[in-house]
Amino acid sequence: MVSAGSFAMAGPSDITQSPLMADVAGIRTERAAAAAAAEQVSTDHREAVLAAAAAAAEQAQAVRSASATVVPAETLTQLDQATAELDQLLAAAGSPVEPVATAAPAPTEAAPTDAAPTDAATTSPTPTGTQTPSPAATGTATVAPTAQPTAGAAEPSPAGSAATDPTAVPSAAPTSPLDLSAPSTPTDTTSSSAAALNALADVPAHVEDAATTTLRTTAAKVAALTAEVTQAVRDQQAAADAAAAAEVEAARVAAEDAATRSAQRVSLDQYANGRIPASALCELTFAPGAELRCDAAAAIEQLNVAYREKFGSDLVISDSYRSYSSQVACRRTKGSLCAVPGTSNHGLGKAVDLGGGAQSFGTTQHNWLVANAATYGWTWPAWAHLGASKPEPWHWEYVD
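What you see is a predicted model; the values in this text were computed from it and never measured. (Residues numbered from 1 in each chain as written. Predicted model: local features only at pLDDT ≥ 70, side-chain atom pairs only at ≥ 80, totals over all residues. Heavy atoms only, no water.)

**Overview of the pairing of strand β8 (residues 395–398)**
In summary, the side chains of a regular strand alternate between the two faces of the sheet.
Phase 1: Burial of β8 is two-sided: the residues His395 and Glu397 facing one way and the residues Trp396 and Tyr398 facing the other way are all buried.
Phase 2: Bridge analysis of strand β6 (residues 351–355) against β8 gives 3 bridges, and the strand direction is antiparallel. Within β8, the residue paired with Val352 across the bridge is Trp396.
Phase 3: In this sheet, β8 lies alongside strand β7 (residues 378–379) in antiparallel orientation, the contact comprising 2 bridges. From the neighbouring strand, Thr379 faces β8, where its bridge partner is Glu397. (Buried < 20%, exposed > 50% of the residue type's maximum accessible area, 1.4 Å probe, protein only. Helix = DSSP H or I, 4+ residues; strand = E, 2+ residues; numbered from the N terminus. Pairing = 2+ DSSP bridges.)

Written out as structure tokens, the structure is:
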């Protein structure tokens, strides 16, 4: 110390130990820690994207293999193209990606350059009463300093990143591929990959570099297309199941209908021709007063639906079941046009005489019945044809 009157000049050692220089050293240390933490967050995020992208690629391959014989080839074209692009990006992902610089804001006053410490990791004790700037004020992560990764070194594991920085996104563990061996019992494996990629998209801009963004968006596209193909497989399986169930139901209904008609036919065997009581017959809904054996009635009801769709009106029934006494009266008034009482199919409840245009040869109605009535069990007997022994275009019989 050199004295000159009442003035004194401090030596260099006193300057370096001053409170101002200690503050500068602390700020630089925090900057280094914040930069390391930011780089760790970016590395962890990339690791998570790589894991989710690999899972998406694996699921796409599993779905593609399982869907090859189910979904048309053109449906899989987009998935094949997107998966090929993702495979290329994953193959190139082994190259180190340069992290984006995330330096803290510069202080308002420049520190003296000749007094700055040479080692950022060496700090002087912070004097009592001096407040160190909070990391939250600079927007940096609150983590302990970590070593900067060197070029070409293996990237650190993302484990623990969410606990060290509020902006860090938890890494997505790869999920198992979708199993489509039983399409009727779909799983949610594909959606888990898509959800992981969607979550990874919600990160600050400085966390994700351009290469990671490309990888993530391509993987998200693959996951979405995989979900579409998976849904197409499920829809086809559901349609096949529904068709099979419909066939089973149709067979059941047909069997029940056949059994019912058989029972209805047998139920009249105990009655003689023309002696069937009204309680054993069924009235036609579209022709009040007309009665037939119940199975014949059900069949002509169906024939009438088709006839009405074609002509816009119901069949006209001029005669249906005819009792024995009615057959006697018919024979007496019409002669040979009416069968001998006790022998007519009218007396069995399975014959009708038609009108409304169907009673004449060559009409549109008659020709339509000739072409379509047999589908519903009704036929025009050969003896009633034009030129036959007893031409009757109006007479139709139910064939049981």
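**Observations regarding the pattern of salt bridges**
Phase 1: This structure, assessed with the given rule, holds 10 salt bridges.
Phase 2: Salt-bridge contacts for Asp80 lead to Arg64; the nearest nitrogen and oxygen are separated by 2.7 Å. Of this pair, Asp80 sits in helix α3 (residues 77–92) while Arg64 sits in helix α2 (residues 19–67); the two residues are 16 residues apart in sequence, bridging distant segments of the chain.
Phase 3: We classify Asp80 as partly exposed; its relative accessible area is 31%.
Phase 4: With a relative accessible area of 25%, Arg64 lands in the partly exposed category.
Phase 5: For the salt bridge of Asp314 with Arg308, the shortest nitrogen-to-oxygen distance reads 2.5 Å.
Phase 6: A single salt-bridge network, built from bridges that share partners, covers Glu249, Arg252 and Glu256. (Salt bridge = Lys/Arg side-chain N within 4 Å of Asp/Glu carboxyl O.)

No statement about biological role is implied by the geometric values presented.
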